[in-house]
Amino acid sequence: MGRRTALGTSALLIGANLPDLDVLAYLRGPLADLEWRRGWTHGVLALVVLPFLLTGTLLLADRIRSAYRSGRVSAPDPRQLLLLSTLAILSHPALDTLNTYGVRWL
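A short tour of the structure in this document, coming up. These numbers were taken from a predicted model, which means no experiment stands behind them.

A look at the pattern of salt bridges
Here's step 1: For the structure on display, the rule yields 2 salt bridges.
Here's step 2: A salt bridge links Arg65 to Asp62; its shortest N-O distance comes to 2.7 Å. In this pair, Arg65 and Asp62 both sit in helix 3 (residues 44-68), 3 residues apart, roughly one turn of the helix.
Here's step 3: We note a salt bridge from Asp77 to Arg79, for which the minimum N-O separation is 3.9 Å.
Here's step 4: Taking relative accessible area as the criterion, Asp77 reaches 24% and is therefore assigned partly exposed.

Digging into unusual backbone geometry
Here's step 1: At Leu7, a residue that is not glycine, the phi angle is positive and equals roughly 70°.
Here's step 2: Looking at the secondary structure, you find Leu7 in the segment before helix 1 (8-17).
Here's step 3: Relative accessible area serves as the criterion here: at 22%, Leu7 is assigned to the partly exposed category.

As for helix 4 (residues 78-96)
Here's step 1: Helix length check: helix 4 (19 residues) gives 28 Å between terminal C-alpha atoms against 27 Å at 1.5 Å per residue, within 8%.
Here's step 2: Taken together, the buried positions of helix 4 are Leu81, Leu84, Ser85, Ala88, Ile89, His92, Pro93 and Asp96. Taken end-on, helix 4 shows its buried residues confined to a sector of 160°, consistent with a single buried face. Exposed positions of helix 4 whose direction lies more than 90 degrees from the buried face are Arg79, Leu87 and Leu95.
Here's step 3: Buried residues belonging to helix 4 abut helix 1 and helix 3.

A look at a nonpolar patch on the surface
Here's step 1: On the surface, a cluster of nonpolar side chains totalling about 920 Å² of accessible area is made up of Trp40, Val44, Leu45, Val48, Val49, Phe52, Leu53 and Leu106.
Here's step 2: In this structure, Val48 sits in helix 3.

Some words on the packing of helix 1 against helix 4
Here's step 1: Two elements in contact, helix 1 and helix 4, have axes whose closest approach is 7 Å; the angle formed by their N-to-C orientations is 25°. Here helix 1 lies roughly parallel to helix 4, going by the angle between them. Regarding helix 1 and helix 4, the two cross each other, and that crossing is right-handed. Between helix 1 and helix 4, the contacting residues are Gly8, Ala11, Leu12, Gly15, Ala16 and Asn17 on the first element and Leu81, Leu84, Ser85, Ala88, Ile89 and His92 on the second.
Here's step 2: Residues of the contact of helix 1 with helix 4, tallied by class, amount to 7 nonpolar, 5 polar and no charged.

Definitions and cut-offs
- Residues numbered from 1 in each chain as written.
- Predicted model: local features only at pLDDT ≥ 70, side-chain atom pairs only at ≥ 80, totals over all residues.
- Heavy atoms only, no water.
- Salt bridge = Lys/Arg side-chain N within 4 Å of Asp/Glu carboxyl O.
- Helix = DSSP H or I, 4+ residues; strand = E, 2+ residues; numbered from the N terminus.
- Buried < 20%, exposed > 50% of the residue type's maximum accessible area, 1.4 Å probe, protein only.
- Expected span 1.5 Å × (residues − 1).
- Arc of directions from axis to C-beta.
- Contact = heavy atoms within 4.5 Å.
- Patch = residues over 30% accessible without salt bridge, like charges linked within 9 Å, V, L, I, M, F, W, Y side chains within 5 Å.
- Areas by Shrake-Rupley, 256 points an atom, 1.4 Å probe, with all protein chains shown as cover.
- Axes fitted to C-alpha atoms, helices over the stretch in contact; angles between N-to-C directions.
- Parallel < 35°, antiparallel > 145°, perpendicular 65-115°, else oblique.
- Left-handed = near helix turned anticlockwise from the far one by under 90°.
- Nonpolar A, V, L, I, M, F, W, Y, C, P; charged D, E, K, R; others polar.

See below:
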């Protein structure tokens, strides 16, 4: 993935797991878990918004990292990062539909 764009592997790894951000519902107890698990973060709106948030976060992290290091190897391509982030994030709920619990798309 490093040949496609810098941070491509990071976009795929983080993006494939980002919809599970709703795991934080466990902190509010078992009823909150039933209410929020595989809901909003796996829904259609999140699938549109999360790739842009991930891409922006990765670009910001790269900018901060390059400020502290001299001699950057290669700059990430925002379009490629967005494409990889979108593919990774879409793969997560698509695979979740194959389990017994399913996903609440809307």
